[in-house]
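# Chains, contacts and geometry: an overview
Next come the chains, spelled out residue by residue.
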Amino acid sequence: DAGITQSPRYKITETGRQVTLMCHQTWSHSYMFWYRQDLGHGLRLIYYSAAADITDKGEVPDGYVVSRSKTENFPLTLESATRSQTSVYFCASGGGQTNGYTFGSGTRLTVV
Amino acid sequence: AQSVTQPDIHITVSEGASLELRCNYSYGATPYLFWYVQSPGQGLQLLLKYFSGDTLVQGIKGFEAEFKRSQSSFNLRKPSVHWSDAAEYFCAVGSWDGNKLVFGAGTILRVKS
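Values in this document were obtained by computation on a predicted structure and should not be read as measured data. (Residues numbered from 1 in each chain as written. Chains lettered and ligands numbered in written order. Predicted model: local features only at pLDDT ≥ 70, side-chain atom pairs only at ≥ 80, totals over all residues. Heavy atoms only, no water.)

## Things to note about the side chain of E64(B)
All names here are of chain B. Within the secondary structure, E64 is located in strand β8 (residues 64-68). Here the side chain of E64 touches Q58 through a polar contact of 3.1 Å, side chain to side chain. Sequence-distant contacts of E64, that is, excluding residues within four places in its chain, are made with L48, L56, V57, Q58, N75, L76 and R77. (Helix = DSSP H or I, 4+ residues; strand = E, 2+ residues; numbered from the N terminus. Polar contact = N/O pair within 3.5 Å; in protein donor to acceptor, adjacent residues only side chain to side chain. Contact = heavy atoms within 4.5 Å.)

## Quick notes on the nonpolar core
With 26 residues, the main nonpolar core has L19(B), W35(B), L47(B), L48(B), F74(B), L76(B) and Y89(B) as its most contacted residues. Listed by contribution, the elements that provide at least two residues to this core are β2 (10-14), β3 (19-21), β5 (32-38), β6 (44-50), β8, β9 (73-78) and β10 (87-94) of chain B. Here this core takes 4 residues from β10(B), the largest share from any one element. Beyond its immediate stretch of four places on either side in the chain, L48(B) contacts L33(B), F34(B), W35(B), V57(B), Q58(B), G59(B), F63(B), E64(B), A65(B), F74(B) and L76(B). Counting 19 residues, the second largest nonpolar core, distinct from the first, contains F33(A), F34(B), F90(B) and L101(B). (Core = buried A, V, L, I, M, F, W, Y, C linked by side-chain atoms within 4.5 Å. Buried < 20%, exposed > 50% of the residue type's maximum accessible area, 1.4 Å probe, protein only.)

## Focus: the interface of chain B and chain A
Interface size is often expressed as the accessible area that is lost when the parts come together. Taken together, the 23 residues of chain B in the interface contact 21 residues of chain A. For the pair chain B and chain A, the two sides together bury roughly 1700 Å², of which 55% comes from carbon and sulfur. Linking chain B with chain A are 0 salt bridges, by the criterion used here. At the surface where chain B touches chain A, the tally comes to 4 residue pairs in polar contact (both at pLDDT 80 or more). Listed by contribution, the elements that provide at least two residues to the side of chain B that touches chain A are β5, β6, β10 and β11 (101-103) of chain B. In terms of residue class, the side of chain B that touches chain A is built from 11 nonpolar, 9 polar and 3 charged. (Buried area = accessible area lost by both parts, 1.4 Å probe. Salt bridge = Lys/Arg side-chain N within 4 Å of Asp/Glu carboxyl O. Nonpolar A, V, L, I, M, F, W, Y, C, P; charged D, E, K, R; others polar.)

As far as function goes, none of this settles anything; it's purely spatial.
Pasting the structure below:
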């Protein structure tokens, strides 16, 4: 189906484990983003990508790793999960900001 | 770097009443401005955007917003609120030299019957 999909929708993991959140879009959009949403903070940018093999840090990149070997996929990896990374994570994609960006449905991650 | 302030964390309005959600931005040049809406458990949906031209922009679901450069504001308005408008609303600003958006903390809208 066309669109932007995130998986899993819900994830519980233990402190210190590695976990990867997946994001897939079918539009061949150039730009892709990862945000985290926390109460009182709105959405904060973790990493973004302007094209395949081009990534850059956002506002809160520490503890996260991204890759973009294919245009349609933009996985986010927490190398060693911490409780402070408990959050809702949103992926977004778009052709450029003049058109706005489309968001996925989010992944709710709990680190215990 | 750009930033966004949404002064109101919560707003409650009666169904049928008018609505205005405030948004102030900080950016040195003409910004790209957006309003998104998020229903519970959902992702964000784009309501409207501004990057040039007419300062009053129309969006989906009967919303509009007005860009006021002198006040660094981009307030969202709706003349008559429906119960289905209850959600969280986010203002966001982008920059001409980048393509990433910075979001405000959000305003939760409650609609009472």
